[in-house]
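Topology and contacts: notes
Read off the chains here:
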4 protein chains.
Amino acid sequence: MGSHSLSDRGPFRHIGIMGKPRNPEAAETINVLQDLLLEKGFRVSLETGVGEGLVREPAKLANWRAIGEECDLIIVIGGDGSMIYAGRQLADFDVPMLGINRGYLGFLTDVQPTQTREKVTEILAGDYLEEERFLLHAGVSKEDQTLHESDAFNDIVLYPGEISRMIEFEVFIDGAFVYSQRGDGLIISTPTGSTAYSLSAGGPILSPGLDAISLVPLCPHTLSSRPIVVAADRKIEIVFADTNQYDAQLSCDGQVRLPVQPGESIRIFRKDHSLRLLHPKDYDYFRLLRTKLGWGSKL
Amino acid sequence: MGSHSLSDRGPFRHIGIMGKPRNPEAAETINVLQDLLLEKGFRVSLETGVGEGLVREPAKLANWRAIGEECDLIIVIGGDGSMIYAGRQLADFDVPMLGINRGYLGFLTDVQPTQTREKVTEILAGDYLEEERFLLHAGVSKEDQTLHESDAFNDIVLYPGEISRMIEFEVFIDGAFVYSQRGDGLIISTPTGSTAYSLSAGGPILSPGLDAISLVPLCPHTLSSRPIVVAADRKIEIVFADTNQYDAQLSCDGQVRLPVQPGESIRIFRKDHSLRLLHPKDYDYFRLLRTKLGWGSKL
Amino acid sequence: MGSHSLSDRGPFRHIGIMGKPRNPEAAETINVLQDLLLEKGFRVSLETGVGEGLVREPAKLANWRAIGEECDLIIVIGGDGSMIYAGRQLADFDVPMLGINRGYLGFLTDVQPTQTREKVTEILAGDYLEEERFLLHAGVSKEDQTLHESDAFNDIVLYPGEISRMIEFEVFIDGAFVYSQRGDGLIISTPTGSTAYSLSAGGPILSPGLDAISLVPLCPHTLSSRPIVVAADRKIEIVFADTNQYDAQLSCDGQVRLPVQPGESIRIFRKDHSLRLLHPKDYDYFRLLRTKLGWGSKL
Amino acid sequence: MGSHSLSDRGPFRHIGIMGKPRNPEAAETINVLQDLLLEKGFRVSLETGVGEGLVREPAKLANWRAIGEECDLIIVIGGDGSMIYAGRQLADFDVPMLGINRGYLGFLTDVQPTQTREKVTEILAGDYLEEERFLLHAGVSKEDQTLHESDAFNDIVLYPGEISRMIEFEVFIDGAFVYSQRGDGLIISTPTGSTAYSLSAGGPILSPGLDAISLVPLCPHTLSSRPIVVAADRKIEIVFADTNQYDAQLSCDGQVRLPVQPGESIRIFRKDHSLRLLHPKDYDYFRLLRTKLGWGSKL
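Residues numbered from 1 in each chain as written. Chains lettered and ligands numbered in written order. Predicted model: local features only at pLDDT ≥ 70, side-chain atom pairs only at ≥ 80, totals over all residues. Heavy atoms only, no water.

Turning our attention to the pattern of salt bridges. This structure, assessed with the given rule, holds 64 salt bridges over all chains. In this structure, the salt-bridge partner of Arg-182 of chain A is Glu-168 of chain A, at a minimum N-O distance of 3.9 Å. Of the two residues, Arg-182 of chain A sits in strand β12 (residues 176-183) while Glu-168 of chain A sits in strand β11 (residues 167-173), which places them 14 residues apart along the sequence. We classify Glu-168 of chain A as buried; its relative accessible area is 15%. Salt-bridge contacts for Arg-133 of chain B lead to Glu-131 of chain B; the nearest nitrogen and oxygen are separated by 2.7 Å. A relative accessible area of 8% means that Glu-131 of chain B is categorised as buried. Look at the salt bridges and you will find they share partners, linking Asp-92, Asp-151 and Lys-271 of chain A into a network. (Salt bridge = Lys/Arg side-chain N within 4 Å of Asp/Glu carboxyl O. Helix = DSSP H or I, 4+ residues; strand = E, 2+ residues; numbered from the N terminus. Buried < 20%, exposed > 50% of the residue type's maximum accessible area, 1.4 Å probe, protein only.)

Structure below.
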C-alpha cells in the first residue's frame, strides 16, 4: 500500500460521484460533497442514476462510462454493494476510487459520513493511502465458444438454478485436474471478497494485499473437502458436468447472474486491470476487521 | 515449478542419503539405493545416524553438516517427518532433496519404494521437476534479546505448556495489531504445512507454489475467529501476554520445542533460503491430495 | 433398538414391495425377492410405479396407500432416497420397513443385493432388529391459517427461491425467541437426516436413537452462529421476515418443495407416528458410519 | 423447567454461601447477601475458603461438606468457574444452587450483582424457575480396576500430557466400537458444557434440557470426523491405545486432571444425581446465548 503526501493542489481535477440511488441518506452526503468540491473549484460529474434531481450548477450529470473516461477520482456514496457495483464497471478505466459509507459498516467504504468534509479535503490535497485490488473475469463457454461473461470484484459463485439443490462439477487449475465435487456449489473469491460470502461459507480471510484466490466449497458432499488458496495468476476452470439434470447459475458479486447448462465450462482468471482504492491516512484494515467481527482488542 | 530434461550424465556427482534410523524397511531401500548409486559411479555419503551398519564400500558415513556441504543431491528415505527433519537442517546449504516413501503416504516423499531404481535413475539423468518450498524462522525474545530460535518447514505452533489449557496472546503483522485471542493457541503454517496439522485445525490448503503463510487459531474463545492468509514476506509477531499464569511452548514442525514465558514475544519471518524439492516427471500435487483426502475423481 | 427371535412362521403374512422405478438393477432384485416370497407362500403386492411389467402371479399391483393399509412388512429396493420417499408416505400406517440397497451405499438400505435371499429369509422368520425413527411435520402458515404442509424423514430446509441468495428469518423454540439470522437458510434435521445434507453443512451426527432435532444454519452472516440441538418434542417456528424482497422455498427431504412468502411462518414439530425400521441381526450403525465416512478402524 | 410461586415464607431455612475466594468484588456481594439473609432471619453458613474474614454474627464458617449436608439452598458468588467447582462438589447433596455473577458474563451465574437484593428476595420467597442439569462421571481404569475418578459438570477432555501433541484412541458407545482416532484429543460434553470449550472446538450447542452428551474431536487427523451427539444414558468408553508413546491427561471441567497411561481405559457415564439450578423468573436461556455470542436480535 503506497502512501501519498502532496502539500499543494493535489493530483485530482475532475471528480465523479456515484452511489446508491434514491436513498435519502446517500443524497444528504452527496450534497455535502458536491458543495465541498464546487467550493474548492473542482469539476464535478454525478452519475445519472444517483444524481438525478440532486445536481447543482456547475456540476453535471454523466453516465458511468463518461465518468470513467473523464474523471481522475471517483467517490462512491453507499455500502460495499455500491462500491463493488462501481468497481466492476470502472475497473478498465484506471481511475482511483474512494468510498463514503451510507450502508452497513463496510470493508470498502471506510470514510464515515460525518467525516466527509475533513477526510475528503485531506485526500483531495493528496494526503492518502492507495492500494490495488484485483478483479476476476469469468466466462461461460461451450466447445471453446464464450456464451456469457462478466467481472467480479468480490466473488464468483457457482450454485444450483431453480430446481435442484445438488450439483456436480469438476475443477481444474492451470489445466490440472483438482477434484470433482457434488454439493451446493463453489465460491471463487478475491481477497476483497474473502470477508464477504466466502467467510460465511467457512473460507479463510485473505489479506487485501495478497495476490491469491480462494476456492471455497458450499456444503460439499465429500466431508474432507477444504478451502484451497492459489496464486492469483492461475487459471481456474470449472466443468459443469453433463450428468447434471438441471441448469446452474454463475453469480458475479451477487449482482450479475449468468446461466450455466450441463456440459458447459466456466473459466476464471484475474483481470489485467486492477482497481485503485484510496483510503484516509489513518486507514487500518485490521481495526476494521476487529470491529466487524467482534475480535479481541489489546489485552 | 521448473522442468529439467538433460539426456547425458546429469547434474549430480555426490549423493547424500538420510532418513529414518533403525527402520528395517528404510534400511532395505537404502541398500537398493546404495547399490544403484555405486554401480552408476556416484560418490555416496550416508548420514551417520541412519547409515551405521548399512554402509557399503566405497560409500562413507558423514554427519548431516558434511552432507550439506559436500553433496549435490540428498535422498531422504522415510516419511514426511524424516523429510521435514532433513529439510530444516539442510535449508542453508542450497542442495536439492528427493524423498522415497517409507512411512505413511506422504506429501513430500513421492517416490514409492518399489519404484526406487526406475525413478532415481531418471532423476539422476536430470529428468525431473524442481520446486522451491520456503521455511519459516521463529525467535522467542524478551526486550529485543533473542532467547531461543529455530526454523520450521511445516508450521510453528504456540500452545499451552504443561499446566494451563487456555492461553492469551496478541498478534501483529508488520507491526500492525491484528487481534488478541484466548484459546488453545495458534498455528503459523507454510504452504507445505497447510496439509498437515493446520488442516486438522480447520486451516485452508495453500497451493505449494503460493507465496503465503496462514495463521490458524486453535479452539479460539472468540467464535468469529477465522484463519487468515498473508503474503509470505510479512513479519508476524505474537506477544504472549503478561496476564498468562503459566508458560507456553512453541513447536517447530512438532520436532523442536522452545519455551515461552509470559511477557515474551515470538517473531516469525520467512527464511531467505528456500528448499529445493525434486520430483519425478509424473508428479501431480492434486492427485496426491485427492488420494490422501479421499476426494472425488473425474465424473 | 429391540431384538426379535421367533423360531417358527414369523410375524408377517403380506409383503409390500416398493422402490426405484424403471431401474434394471432394482428390477433384478425385485424378481429375486418376488420369487423368494411367493415360494415361501407369502402374499405379495408390488407398488404400481415400480412393479409395472415385473409382477408375477399371484403377486398383484397396488398403489402405495393400499400397500400401507394391507401389508404387514414393506421391502424397499433402491437407495436412501427411495427409502425416504416410501417412509414419508407410509409413516401413518405403522408398517415396518426393510431396505435392500440398489443405489449409493446408504444409511437406510442396509441389506446388500447379493444377500437378499439370506437376509430376507432370516427377517421373515422373525429374526431381526427393530428401531423407531421419527419424522417431522412442517406447515407454512399466514395469520394462523395453514397454506401448505408436508412431512420429512431426513430434514426440512428453508432456502432462497429463484432470485435472491440471502434470506432473513427469526427462529423460535416453544415460543421463545432464539435469534434472527441472515444467510442461505436453515436445516432442521432428524437423527436420520443428520448424516445427510446437515452433515455437509457442518451439523453434528445425532445418534439414531436420540430423541432430538438439530437446527443447522447455512452460510450464516453472523459468524458465531452454531448448530443447536434440542429435544424432539419442542416446537420450532421460523418466521420468514417481511423484510425479504423475494420468496423462499421449504424443502422436505429434498423431495417436496413448498413456497414461502415474506411474512409467512413455518411451524415444525415431531409427528406422532414413527417409522419402524427393520435390520438384519448383524446391523451395526457405527460400522456403516465408519465405512461411509472413511473413519479409522481398530488400532 | 419447573416454575415455583409461593407467596409466604418460601421453602428455604438455611443458606450456604460459596464462591470465588480472595476477590474484592465477590466479597462485596457476599456482604450484601449476608446482611440481607441475616436481616430476614435465615441461618447462614459461609464456606471456609471464601468466607474467612468476611463472616458476620450469627453466620458461621463451614466446610463445603457441612454446607452440602445442612443447607437447603446454596448461593455461589463468582463466575461460571466457581459455579462449576461448587456444582461438582455438591452434586450428591440434592441442594439447589443459585449463582450471582462476579466474573465474566456467564451462563450459570445469571443474577447480576446490582440485582442481588431484589432477585434473591424473590427467590427466597419461592418465586423462581428450577431446572436440572446432569453431571458426568469419569473413571480411568486398567484391567477393570479403577485407578482415578472424578465428576464433571461441563466436560471431560482427553488430551496429550506434557510431551506429545498427537494421541491415538478408540471410542466405544455401549460397548459398540465407534472409531479410532488420532489427533489432539476428545471432548465429552454435557449440555451445560456445550457452550464452553466444546463450542470453541466446533461442537454443537445442546439445549440445557436435552438429555444428551456430545463427543467432539480436537483437531482430528481424519478430516471427515464430526461431533456426535448421543443419549445421556449411554456408556462411553475411550481406550487410550497401547501404541501411544507418552501419557495423556483427562481433564474434568478444566479443574481436575487425571493421568492416563497407554493401555488404560476411560469410562464415562451420567451421574445419578443431577444438580438443581435456580433462576429468577425472567431467566431466558436464549437471550443469554444471543448476548454472549452476539447473535441477531429481532428484525
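Once that is clear, we can look at the packing of aromatic side chains. In the structure shown here, the tally under the stated rule is 20 aromatic pairs over all chains. Geometrically, the ring pair formed by Tyr-179 of chain A and Trp-295 of chain B is edge-to-face, given 5.0 Å between the ring centres and 90 degrees between the ring planes. Taken together, the residues span two chains, with Tyr-179 of chain A in strand β12 and Trp-295 of chain B in the segment after α7 (285-293). Lying over the aromatic face of Phe-177 of chain B, Lys-298 of chain A brings its terminal NZ or CZ to 5.4 Å of the ring centre. (Phe/Tyr/Trp six-rings, centres within 6.5 Å; stacked < 30°, edge-to-face > 60°. Lys NZ or Arg CZ within 6 Å of the ring centre and 35° of its normal.)

Moving on: the sheet that holds strand β9 (residues 145-152) of chain D. If you trace the six strands from one edge of the open sheet to the other, you get β9-β8-β20-β17-β11-β12 (chain D), paired in antiparallel fashion. The sheet is open, and its two edges are formed by β9 and β12 (176-183) of chain D, each paired on a single side. Across the sheet, the mean angle from the axis of one strand to that of its neighbour is 20 degrees, orientation sign disregarded. Running over the sheet, helix α7 (residues 285-293) of chain C touches β11 (167-173) and β12 of chain D and is turned about 35 degrees from β12 of chain D. (Pairing = 2+ DSSP bridges. Axes fitted to C-alpha atoms, helices over the stretch in contact; angles between N-to-C directions. Contact = heavy atoms within 4.5 Å.)

Now for the relation of the copies chain D and chain C. A rotation about an axis combined with a shift along that same axis relates the two copies of the chain. Overlay of chain D on chain C (RMSD 0.0 Å): rotation 180 degrees, translation along the axis 0.0 Å. Such values leave the two copies arranged in the relation of a two-fold axis. Taking C-alpha positions as reference, the residue of chain D nearest the rotation axis is Pro-204 of chain D, located at 3.3 Å. Comparing contact sets, 100% of the residues at the interface of chain D also lie at the interface in chain C, consistent with an isologous, same-surface contact. (Least-squares fit on C-alpha atoms with pLDDT ≥ 70 in both.)

With that settled, consider a negative patch on the surface. A cluster of like negative charges, contributed by Glu-162 and Asp-247 of chain A together with Glu-162 and Asp-247 of chain C, occupies part of the molecular surface. Here Asp-247 of chain C shows up in the loop between β17 (236-240) and β18 (248-252). By relative accessible area, which is 37% here, Asp-247 of chain C ends up partly exposed. (Patch = residues over 30% accessible without salt bridge, like charges linked within 9 Å, V, L, I, M, F, W, Y side chains within 5 Å. Areas by Shrake-Rupley, 256 points an atom, 1.4 Å probe, with all protein chains shown as cover. Lys, Arg positive; Asp, Glu negative; His and termini not counted. Charge placed at Lys NZ, Arg CZ, Asp CG, Glu CD.)

All names here are of chain A. Partitioning chain A into structural domains gives domain 1 (2-134 + 274-293) and domain 2 (136-270). The interface is formed by 15 residues belonging to domain 1 together with 23 residues belonging to domain 2. Of the roughly 1,500 Å² buried between domain 1 and domain 2 on both sides combined, carbon and sulfur atoms contribute 68%. It is Ile-84, Arg-88 and Phe-134 in domain 1 that bury the most area against domain 2; as a group they hold 52% of the surface buried on that side. For the pair domain 1 and domain 2, the number of links is one salt bridge. Note that Asp-253 is salt-bridged to Arg-88, the shortest N-O span being 2.9 Å. Within the residue set of the side of domain 1 that touches domain 2, elements represented by two or more residues are α4 (80-90), β7 (128-133) and α7 (285-293). Considering each element in turn, the side of domain 1 that touches domain 2 owes the most residues, six residues, to α4. Taken together, the residues of the side of domain 1 that touches domain 2 sort by class into ten nonpolar, two polar and three charged. (Domains from an automatic or database assignment. Buried area = accessible area lost by both parts, 1.4 Å probe. Nonpolar A, V, L, I, M, F, W, Y, C, P; charged D, E, K, R; others polar.)

This part takes up the interface of chain B and chain A. Counting residues at the interface gives 38 residues for chain B, matched by 38 residues for chain A. Regarding the contact of chain B and chain A, the summed buried area is about 3,300 Å², with carbon and sulfur atoms giving 64% of it. When the buried surface of chain B facing chain A is broken down by residue, Phe-286, Trp-295 and Leu-299 of chain B rank first, second and third, together holding 20% of it. Counting every contact that joins chain B to chain A gives zero salt bridges. At the surface where chain B touches chain A, the tally comes to 22 residue pairs in polar contact (both at pLDDT 80 or more). When contributions to the side of chain B that touches chain A are tallied by element, the ones reaching two or more residues are β11 (167-173), β12 (176-183), β14 (205-206), β16 (228-231) and α7 of chain B. Split into classes, the residues belonging to the side of chain B that touches chain A amount to 23 nonpolar, eight polar and seven charged. Pairing analysis gives two bridges linking strand β14 (residues 205-206) of chain A to β16 of chain B, with the strands arranged parallel. (Polar contact = N/O pair within 3.5 Å; in protein donor to acceptor, adjacent residues only side chain to side chain.)

This part covers the interface of chain D and chain C. In this complex, chain D contributes 38 residues to the contact, which on the side of chain C involves 38 residues. Taking both partners together, chain D and chain C bury about 3,300 Å²; carbon and sulfur atoms supply 64% of that area. Interface area lost by chain D to chain C is led by Phe-286, Trp-295 and Leu-299 of chain D, which between them contribute 20%. Summed over the shared surface of chain D and chain C, the result is zero salt bridges. Our count for the chain D to chain C interface comes out at 22 residue pairs in polar contact (both at pLDDT 80 or more). Of all the elements in the fold, those that place two or more residues in the side of chain D that touches chain C are β11, β12, β14 (205-206), β16 (228-231) and α7 (285-293) of chain D. Considered class by class, the residues forming the side of chain D that touches chain C number 23 nonpolar, eight polar and seven charged.

If you rotate chain B by 180 degrees and push it 0.0 Å along the axis, it lands on chain A with an RMSD of 0.0 Å. Residue by residue, 100% of the interface of chain B is reproduced at the interface of chain A, so both copies engage with the same surface.

Overall, mixed pairing links the seven strands, which are arranged β19(A)-β18(A)-β10(A)-β13(A)-β15(A)-β16(A)-β14(B) in an open sheet. Because the sheet does not close on itself, it has two edges, and the strands there are β19 (256-260) of chain A together with β14 of chain B. The pairing of strand β10 (residues 155-160) of chain A with strand β18 (residues 248-252) of chain A spans five bridges and is antiparallel. From the neighbouring strand, Leu-158 of chain A faces β18 of chain A, where its bridge partner is Leu-250 of chain A.

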